[in-house]
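In case you want the letters, here they are:
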Amino acid sequence: MNNNISTKIICSTSYNPWHNLAVEEHLLSQVKDNEIILYLWQNENTIVIGRNQNPWKECMCKDFEEDGGKIARRLSGGGAVFHDIGNLNFTFVMDKKSYNLEKQLSVILKAVNNLGINAKFSGRNDILVGEKKFSGNAFYEKENASYHHGTILVDANMDKLSKYLKVSKEKIASKGIESVCSRVVNLKTINDNITIEKLKESLINSFVEIYKGDLNIEYIKDEKDIQDLYKKYSSWEWKYGQTPKFDINFVNRFKWGEIDLNLNLKNGIIDSLVIYSDAMNSVLIKDIENELLKIPFKMESICKKLNNIRCRIDEKDMIFEIEEWLKSKIG
C-alpha cells in the first residue's frame, strides 16, 4: 500500500438514487482511518439537487415525476444534475487526513485519457474536454471524514436533461452560455467506442495504479445497514423540505454561487428562515441558517452572528460578501 493507505472498490448494482445515496452516506460513516474508497454507481431517470437547493426552482418536478422520474437530494452543495444510465457516478470516500483533491482528480483524468479523451479540471467543480463539460464534481465533509463525488456523461439523454432542468437566466448569463445543453457533452460523441463498462474498468485500473491498491471489487449485498438512510433519502421531507410563504426574500448571485434568503419575522425577530443555494459548501450554508434563526432583524445582530461562524479563510471571504450584500438591503 502507498503511505499506509488502504483501498476499497465498491460498485452498486442498483439504479435507484435513494438507495445509492444511502450507501454513499453509510460508507462515509464507516470509512476507517487511512482508508480511501472508490464507489461507482448509476441512477436511472433521476434529478439530483444540491443539499440547499429549492427543487421547485431547479427542475420541472411535477412533470418529471409524472413521467416516471425520481427527485433526489444529496448531502453536498452545488447545482442540480440529471442522471440516467448513460451517466456514471463516482465517489471518493476517505478519512479527512487522506483527502487530496489533486490526486482524486488524477484518477478521473487518467481514466478518461486512457480512453482517448484529453480532459482538464476547470473552475470550481467542472471537468472539461475542450470548452465543454462532461463531469461536475461536488464535495462534503463531516468531523472526521470527507467525500468527493461527481458525474461522468458518457451517453446521457440530452433531450431529457434540457427538458426537465431549469437553469436560472442569471446563472447562464454569468457564464456567457446559451443553455444548459450548449455547455455539456457526452464522451461518446468524442470517442464512439467509449461505453459505461469501459469507463468503469478504466476508472478502477486508474484508481488501483495511483493509490497502489488491490483490485478487489465489492458489490453491495446487505440492505439492512442502509434501511434508515433509505427512508431519509426517499422521504418527501428530505427531497422537498418545508416551503412556507415568507415575508422577505433577498436573492443575489456571487461568483461562488447563488444565495436565495427567505425570512419570516415576528416582533422584529427572525422567526423562521430558509436559505436556498448552489454554493459548493453545503455545511456553511446550514451554519448560516442556524446562526440567524431567532435573532433581531438588525444588521448589527446579523453581522455578529455571521462573524461567530468558525470557518476557513476562503469561507470568511464568502461571509464578508454576504454581509456587504445584506447591508445594502437592510441598512
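Higher on the page you've got the structure.
Keep in mind the model is a prediction, meaning the values are calculated, not measured.

Scoring rules and cut-offs
Residues numbered from 1 in each chain as written. Predicted model: local features only at pLDDT ≥ 70, side-chain atom pairs only at ≥ 80, totals over all residues. Heavy atoms only, no water. Helix = DSSP H or I, 4+ residues; strand = E, 2+ residues; numbered from the N terminus. Rg over C-alpha atoms; globule rule 2.2 N^0.38 Å. Buried < 20%, exposed > 50% of the residue type's maximum accessible area, 1.4 Å probe, protein only. Contact = heavy atoms within 4.5 Å. Areas by Shrake-Rupley, 256 points an atom, 1.4 Å probe, with all protein chains shown as cover. Pairing = 2+ DSSP bridges. Axes fitted to C-alpha atoms, helices over the stretch in contact; angles between N-to-C directions. Phe/Tyr/Trp six-rings, centres within 6.5 Å; stacked < 30°, edge-to-face > 60°. Lys NZ or Arg CZ within 6 Å of the ring centre and 35° of its normal. 1 Å grid on protein atoms, 1.4 Å probe; cavity = no way out; pocket = protein on both sides within 12 Å on 5 of 7 lines; lining within 4 Å. Points joined across faces, edges and corners; volume = space filled by probe spheres on them. Nonpolar A, V, L, I, M, F, W, Y, C, P; charged D, E, K, R; others polar. Parallel < 35°, antiparallel > 145°, perpendicular 65-115°, else oblique. Left-handed = near helix turned anticlockwise from the far one by under 90°.

Within the chain, the regular secondary structure consists of 12 helices and 14 strands. In summary, the chain has a C-alpha radius of gyration of 20 Å against a globular reference of 20 Å for 331 residues, a match within 12%. Referenced to the eigenvectors of the C-alpha coordinate spread, the extents of the chain come out at roughly 60 × 45 × 40 Å. The 331 residues of the chain split such that 53% are buried. Long-range pairs, those at least 24 residues apart, make up 70% of the contacts in the chain between residues at least 6 apart in sequence. Total accessible area on the chain is roughly 15800 Å²; 48% of this is exposed by carbon and sulfur atoms.

Here we take up the sheet that holds strand 4 (residues 70-73). One open sheet accounts for three strands, arranged 4-3-5; its pairing is mixed. What marks the edges here is a single partner per strand, and that holds for strand 4 and strand 5 (81-83). Taken pair by pair, the neighbouring strands of this sheet meet at an average axis angle of 25°, ignoring direction. The sheet contact formed by strand 3 (residues 46-49) and strand 4 spans four bridges and is parallel. Bridge pairing links V48 to A72 in strand 4.

Taken across its nine residues, strand 6 (residues 87-95) has nine buried, putting it largely inside the fold. The alternating pattern of strand 6 places N87, N89, T91, V93 and D95 on one face and L88, F90, F92 and M94 on the opposite face, and all of these are buried. Note: strand 2 (residues 35-41) against strand 6, six bridges, orientation antiparallel. The residue of strand 6 that forms the bridge with I36 is M94. Here nine bridges tie strand 6 to strand 10 (residues 145-153), and the two strands are oriented antiparallel to one another.

So, on to the packing of aromatic side chains. For any pair of aromatic rings, the description rests on two quantities: the centre-to-centre distance and the angle between the ring planes. With the rule as written, the count across this model stands at 15 aromatic pairs. Between Y39 and W41 the ring centres are 5.7 Å apart and the planes differ by 15°, which places this aromatic pair in the stacked class. Accessibility classification places Y39 together with W41 in one group, the buried group. Judged by centre distance (5.5 Å) and plane angle (75°), the rings of Y233 and W238 are edge-to-face. As far as the burial class goes, Y233 and W238 line up, both buried. One aromatic cluster is present, formed by F90, F92, F207 and Y211 through successive ring pairs. The ring of W18 has K70 lying over it, and the distance from NZ or CZ to the ring centre is 5.3 Å.

The backbone of K212 shows a phi angle near 55°, a positive value even though the residue is not glycine. With respect to the helices and strands, K212 occurs in the loop between helix 7 (196-211) and strand 11 (217-219). Phi is positive for K294, close to 65°, though the residue is something other than glycine. Structurally, K294 can be placed in the loop between helix 10 (282-292) and helix 11 (299-308).

Moving on to empty space enclosed by the protein. Using the criterion set out here, one finds one cavity of 30 Å³ or more in the structure. Counted as a void, the largest cavity has a volume near 50 Å³. Residue lining of the largest cavity: I259, L261, I275, I288, L292, I322, W325 and L326, and that is the complete set. Counting residues per element, the lining of the largest cavity draws most heavily on helix 12 (residues 313-330), at three residues. Of the residues in the lining of the largest cavity, the class split is eight nonpolar, no polar and no charged.

Between helix 1 (residues 17-30) and helix 8 (residues 227-234), whose axes approach to 8 Å, the crossing angle comes to 125°. As judged from the angle between their axes, helix 1 and helix 8 are oblique. At the point where helix 1 passes helix 8, the crossing takes the right-handed sense. Packed against helix 1, whose contacting residues are W18, H19, L21, A22, E25 and H26, the element helix 8 presents L229, Y230, K232, Y233 and S234 at the interface. Class assignment of the residues belonging to the contact of helix 1 with helix 8 gives a composition of six nonpolar, three polar and two charged.

It is worth spelling out helix 11 at this point. Working note: α-helix, 3.6 residues per turn, so residues spaced by three or four point in the same direction. Of the residues making up helix 11, those classed as buried are M299, S301, I302, C303 and L306. Looking at the buried side of helix 11, the elements it contacts are helix 10 and helix 12.

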